[in-house]
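Given next are the chains, with one letter for each unit.
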Amino acid sequence: MKKPTARPTTLFITCASLLLACSQTDKTNTPQTSTTASPATSPSASASPGGSAAGSSNNIYIGIGVAQTSNVALLGQEQVAGAKIAEKYFNDKGGVDGTPIKLVFQDTGGDEQGAINAFNTLINQDRVVGIVGPSLSQQAFSADPIADRAKVPVLGPSNTAKGIPQIGDYVARVSAPVAVVAPNAVKAALKQNPNIKKVAVFFAQNDAFSKSETETFQTTVKDMGLELATVQKFLTTDTDFQSQATNAINVKPDLIIISGLAADGGNLIKQLRELGYKGVMIGGNGLNTSNIFPVCKALCDGVLIAQAYSPEYSNLINKDFRDAYRAQFKKEPPQFSAQAFTGVQVFVESLKAINSQSKVSQQPLPQLRTNLNQQLLLGKYDTPLGQISFTAEGEINQKDFYVATIKMEADGTNGKFEFLK
């Protein structure tokens, strides 16, 4: 089925307007590609950021294009962690019928040009079979069309804005759309405080995901019969929110909802609390990371966040993933790590299905990329996120969702997401 193109021009924001640094991978660490390489012998590519070249001819290369630098790195670093755990996990189980996978990392930074550069490198120089990335929906609207034109399958690990799967035939996502997840947080807030009547909403106006998410939140607020008292805008690069926070507090809201990223969202939470707001707060998916704890510290306590992953989900692969993550990082795995792990898993299991019919090592790279894209849409996967599959358009089918509240420890620095029953 041909996907309709959905690339609204209003979602393209320049690097200058974002005021974010365009980050590019160090080209001195990017090896040359053999033009005669087969899929399994493709790139002598950097196996990790800044790492040495991996010259082995017995690997299948999968691209990881996420934000390792910029203000988005708080999310991207969790995705790198999840992907690396997946690489070891599936290679320990034999890779693709004995052929190891090799992850090739390219840093997208926090803007569109960084994602474009990373995708071009992964596709044309690293010659990967598919890409897990980018970190932001904002970046996906610019970078995914490049992969689609090159017929390279993309799995969005955290791209939840409206319209992502519609970008093209080769674009899918393992991140549930915000329209499905976000309303759960509002329902949880009302359960926590049935007297909520008046709501203030904040969103990052220069981020496609935050703009999409706030539309869902605002619609949910109205559908539930609540009063949308004020809508305050900010930029993901802002650090001072005194004006917007004061404006919101002046309308005396019972609930505040924030759609932004970890750094700006964490600072906004902190400043709202410092200015005296004591009501219920909801953080959007961009704040769904323990990396906000060092930002708002003790003032993070009590913030509600809807999630598409729970460390307590009961299946074998989530137990293995959770154990590996806790052993390495001494804390519970976050959603962004679980989604990146799942992206790698979908590629590996799809490659194994292809290999059972026709050896992937014998397929020309363009053909393998096409076969991989077709196969991944057909499969059903038992993942850390639970049972998932895809629609013909590339949208994820996922059944299980959660809401957690942030519980900070007495030291005001460490904390955890406590899942509500």
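Everything numeric in this text was worked out from a predicted model, so none of it was measured. Each chain has its residues counted from 1, running along the sequence as written. Local features in a predicted model are, by the rule used here, given only for residues with pLDDT of at least 70; side-chain atom pairs are given and counted only at 80 or more, and totals for whole chains, interfaces and linings are based on all residues. Water and hydrogen atoms play no part in the side-chain values, which are based on all heavy atoms of the structure.

Below, the discussion takes up helix H3 (residues 112-125). An α-helical turn contains 3.6 residues, so a residue and the one three or four places further along point in the same direction. Each helix is a run of DSSP H or I of at least 4 residues and each strand a run of E of at least 2, with the numbering of both proceeding from the N terminus. The length a helix should cover is 1.5 Å for every residue beyond the first. Compared with an ideal rise of 1.5 Å per residue, which puts 14 residues at 20 Å, H3 spans 19 Å between its outermost C-alpha atoms and is within 8% of the ideal. A simple rule labels every residue: compare its accessible area, found with a 1.4 Å probe on the protein chains alone, to the largest value its type can have, and call it buried under 20%, exposed over 50%, or partly exposed in between. Taken together, the buried positions of H3 are Glu112, Gly114, Ala115, Ile116, Ala118, Phe119, Thr121, Leu122 and Ile123. Any N or O atom pair separated by 3.5 Å or less is treated as a polar contact, with the protein-specific requirement of one donor-capable and one acceptor-capable atom, and with residues adjacent in sequence counted only for side-chain atom pairs. Sitting at the amino-terminal end of H3 is aspartate 111, which places a side-chain oxygen 2.8 Å from the backbone nitrogen of glycine 114. Positioned one or two residues after H3, arginine 127 has a phi angle of 55°, which is positive.

On to helix H2 (residues 73-92), then. End to end, H2 covers 28 Å across 20 residues, agreeing with the expected 28 Å (1.5 Å per residue, within 8%). Where burial is concerned, most of H2 is hidden: 14 out of the 20 residues are buried. Following H2 by one or two positions, glycine 94 adopts a phi angle in the positive range, close to 105°.

What follows covers the sheet that holds strand E2 (residues 101-107). At least two bridges found by DSSP between two strands are what make those strands a pair. Across the sheet, 5 strands lie side by side as E2-E1-E3-E4-E5; this open sheet has parallel pairing. Strand pairing shows two members of the sheet lacking a second neighbour, E2 and strand E5 (171-173), which therefore form its edges. Note that strand E1 (residues 60-66) and E2 share 7 bridges and pair parallel. Counted as the bridge partner of isoleucine 62 is leucine 103 from E2. In this fold H3 packs onto E1, E2, strand E3 (131-132) and strand E4 (154-156), with an angle of close to 150° to the strand it touches most, E2. Only heavy atoms enter the contact rule, under which two residues are in contact if any of them lie within 4.5 Å. Here an angle of 0 to 180 degrees is reported between the N-to-C directions of two axes, which are lines fitted to C-alpha atoms, with helices fitted over the stretch in contact.

Attention shifts here to the nonpolar core. With 65 residues, the main nonpolar core has Ile257, Ile282, Val344, Leu351, Leu376 and Phe390 as its most contacted residues. Take this core: its biggest share by element is 8 residues, from helix H11 (residues 335-355). Excluding residues within four positions of it along the chain, valine 344 makes contact with Ile64, Ala83, Ala86, Ile101, Leu103 and Val132. Within the second largest apolar cluster, 34 residues are counted, among which are Ala248, Met281, Ile292 and Phe336. The definition of a nonpolar core used throughout is a set of buried Ala, Val, Leu, Ile, Met, Phe, Trp, Tyr and Cys residues joined through side-chain atoms within 4.5 Å.

Glancing now at the state of the cysteines. Disulfide: a covalent bond formed between the sulfur atoms of two cysteine residues. The definition used for a disulfide is geometric: two cysteine sulfur atoms within 2.5 Å. For the structure shown, the criterion picks out 1 disulfide. Disulfide pairing is shown between cysteine 296 and cysteine 300; the S-S distance is 1.9 Å. Between cysteine 296 and cysteine 300 the sulfur-sulfur dihedral comes to about 100°; the bridge is accordingly right-handed. Under the relative-accessibility criterion, cysteine 300 is labelled buried at 0%.

A few words on the pairing of strand E11 (residues 380-383). Along E11, the buried face is formed by Tyr381 and Thr383; none of Lys380 and Asp382, which line the opposite face, is buried. Pairing analysis gives 4 bridges linking E11 to strand E12 (residues 386-390), with the strands arranged antiparallel. Across the sheet, residue threonine 383 finds its bridge partner in E12, namely glycine 386. Where E11 folds back on E12, the antiparallel hairpin that results is connected by 2 residues.

Glancing now at unusual backbone geometry. The omega angle of the peptide bond from glycine 133 to proline 134 is -10°, so this bond is cis rather than trans. Tracing the backbone shows proline 134 in the loop between E3 and helix H4 (137-150). The residue aspartate 97 is not glycine, and still its phi comes out positive at about 55°. Mapped onto the elements, aspartate 97 comes out in the loop between H2 and E2. Residue classification places aspartate 97 among the partly exposed positions, given a relative accessible area of 49%. One non-glycine residue, lysine 297, adopts positive backbone phi at about 50°. Secondary-structure assignment places lysine 297 in the loop between helix H9 (293-296) and strand E10 (304-307). The partly exposed category is assigned to lysine 297, whose relative accessible area is 45%.

Moving on to the pairing of strand E14 (residues 402-408). Remember that side chains alternate between the two faces of the sheet whenever the strand is regular. Taking burial as the measure, the 7 residues of E14 include 6 buried ones, the bulk of the element. In terms of strand pairing, E10 meets E14 through 4 bridges, oriented antiparallel. Looking at the pairing, alanine 306 lines up with valine 403 of E14. When E14 meets strand E15 (residues 415-419), the two strands line up antiparallel, connected through 5 bridges. Bridge pairing links lysine 407 to lysine 416 in E15. Counted along the chain from E14 to the antiparallel partner E15, the turn is 6 residues long, and its residue glycine 412 has a positive phi close to 75°.

What follows covers the confidence of the model for the protein. Residue-level confidence of the predictor is what pLDDT reports, using numbers from 0 through 100. On average, residues of the protein carry a pLDDT of 88, and 86% of them reach 70 or more. For the stretch residues 4-56, pLDDT sits under 50, and the model shows 120 contacts to residues farther than four places along the chain or on other chains.

Moving on: the sheet that holds strand E7 (residues 227-234). Sheets are built from strands that pair by backbone hydrogen bonding, the pairs being arranged parallel or antiparallel. Strands sit in the order E7-E6-E8-E9-E10-E14-E15 across an open sheet of 7 strands; the sheet is mixed. The open sheet terminates on both sides in strands that have one partner only, identified here as E7 and E15. For this sheet, the mean inter-axis angle between neighbouring strands, taken without regard to orientation, is 25°. In the sheet, strand E9 (residues 280-283) pairs with E10 via 2 bridges, with the strands oriented parallel. Looking at E10, one finds that isoleucine 282 is bridged to leucine 304.

Glancing now at the packing of H11 against helix H12 (residues 365-378). Where H11 meets H12, the axes come as close as 9 Å, and the angle between the chain directions of the two elements is 110°. Judged by the angle between their axes, H11 and H12 are roughly perpendicular. In this structure, H11 uses Val346, Phe347, Ser350, Leu351, Ala353 and Ile354 to contact H12, whose residues at the interface are Leu368, Asn371, Leu372, Gln375 and Leu376. Amino acids are sorted into nonpolar (Ala, Val, Leu, Ile, Met, Phe, Trp, Tyr, Cys and Pro), charged (Asp, Glu, Lys and Arg) and polar (every other residue, Gly among them). Grouping the constituent residues of the contact of H11 with H12 by class yields 8 nonpolar, 3 polar and no charged. Here is the rule for angles: anything less than 35 degrees is roughly parallel, anything more than 145 is roughly antiparallel, 65 through 115 is roughly perpendicular, and the remaining ranges are oblique.

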